[in-house]
Amino acid sequence: MDTQAIRTQITKVVLERLSDSKERRTEALGEFMGVTMPNVEGKAADQVASLVPEIPSAIYQKWVDMFVDRLLETVPLNQLGELCSDTEENRATLSLVYVMFMESERMEKQIVQDLAALGMEQAQQDDVGNTLADYLRAKLANMKGDLPPQ
């Protein structure tokens, strides 16, 4: 399998795992807030989740491209070729490695930069989104103050 075929397969697998359904996204955000902010009532978390703006697909594509670039830099092509054989186990492995990549220190910084740039772009168009973002930041800051040190 050549480099372009590997790139195409990995990109396809990862993007298929990302749901673009608004209902699924709201449900996932509500679940996330329920776990990370247990003092927020379920209905309130669902309402806030429905107000969180969507991330454009171009940003997801950028992150997936960065992931594939990193794999191509660090993993031998023959191993990537085998990982790209289309089995459920290999798709799950690629998805897990993507999640681990997204949790890396490098990507945490990149995500903050990309979302800040997106926020600035949308803030020029959306005062309601700006107000919501300020509210969420304040709530999270207050909650962090309530949590015991780790």
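Data block above holds the structure.
Residues numbered from 1 in each chain as written. Predicted model: local features only at pLDDT ≥ 70, side-chain atom pairs only at ≥ 80, totals over all residues. Heavy atoms only, no water.

A. Fine view of the overall build of the chain. Tallying secondary structure elements over the chain gives 8 helices and 0 strands in all. Scanning the chain from its N terminus toward the C terminus, one meets helices and strands in the order α-α-α-α-α-α-α-α. Expressed as a percentage of the 150 residues in the chain, the buried residues total 26%. A separation threshold of at least 6 residues defines the contact pool for the chain, and within that pool the share at least 24 residues apart is 78%. For the chain, the exposed area adds up to about 10,400 Å²; of that, 56% sits on carbon and sulfur atoms. (Helix = DSSP H or I, 4+ residues; strand = E, 2+ residues; numbered from the N terminus. Buried < 20%, exposed > 50% of the residue type's maximum accessible area, 1.4 Å probe, protein only. Contact = heavy atoms within 4.5 Å. Areas by Shrake-Rupley, 256 points an atom, 1.4 Å probe, with all protein chains shown as cover.)

B. Up close: helix H3 (residues 42-51). Here H3 has its buried residues at Ala45, Val48 and Ala49. Around the axis of H3, the buried residues are gathered within 105° of arc, so they sit on the same side. Opposite the packed face of H3, turned more than 90 degrees from it, sit the exposed residues Lys43, Gln47 and Leu51. (Arc of directions from axis to C-beta.)

C. Up close: the nonpolar core. Of all hydrophobic cores here, the largest spans 21 residues; its most connected members are Ile10, Trp63, Phe67, Tyr98 and Met102. Broken down by secondary-structure element, the contributors of at least two residues to this core are helix H1 (3-17), helix H4 (57-74), helix H5 (77-83), helix H6 (88-102) and helix H7 (105-123). Ranked by the residues each element gives to this core, the list is headed by H4, at 7 residues. Look past the residues within four positions of phenylalanine 67 in its chain and what remains in contact with it is Ile10, Val14, Leu94, Val97, Tyr98 and Phe101. Counting residues in each nonpolar core, the second largest holds 5 residues, with Met33, Met37, Ala45 and Ala49 among its members. (Core = buried A, V, L, I, M, F, W, Y, C linked by side-chain atoms within 4.5 Å.)

D. Fine view of the environment of arginine 91. If you trace the backbone, arginine 91 turns up in helix H6. Remark: the alpha-carbon pair of arginine 91 and glutamate 16, spanning 75 residues in sequence, is separated by 9.7 Å. Excluding its chain neighbours within four sequence positions, the residues that come into contact with arginine 91 are Val13, Arg17 and Asp86. A polar atom in the side chain of arginine 91 sits 2.7 Å from the side chain of aspartate 86. (Polar contact = N/O pair within 3.5 Å; in protein donor to acceptor, adjacent residues only side chain to side chain.)

E. Spatial organisation of the pattern of salt bridges. In the structure shown here, the tally under the stated rule is 8 salt bridges. The partner of lysine 62 in a salt bridge is aspartate 114, with the nearest N and O atoms 2.8 Å apart. Taken together, the residues span a long stretch of sequence, with lysine 62 in helix H4 and aspartate 114 in helix H7 at a distance of 52 residues. Owing to a relative accessible area of 35%, lysine 62 belongs among the partly exposed residues under this scheme. A relative accessible area of 10% means that aspartate 114 is categorised as buried. The residue aspartate 86 makes a salt bridge to arginine 91 at a minimum N-O spacing of 2.7 Å. When its relative accessible area of 48% is taken as the criterion, aspartate 86 is described as partly exposed. Ionic contacts of the salt-bridge type, sharing partners, join the residues Arg17, Asp86, Glu88 and Arg91 into one network. (Salt bridge = Lys/Arg side-chain N within 4 Å of Asp/Glu carboxyl O.)

F. Spatial organisation of H1. In this model H1 runs 22 Å from its N-terminal to its C-terminal C-alpha over 15 residues, within 8% of the 21 Å that 1.5 Å per residue would give. Of the residues making up H1, those classed as buried are Ile6, Gln9, Ile10, Thr11, Val13 and Val14. Where H1 is buried, its residues contact H4, H5 and H6. (Expected span 1.5 Å × (residues − 1).)

Read these as layout, nothing more, since geometry by itself doesn't imply function.
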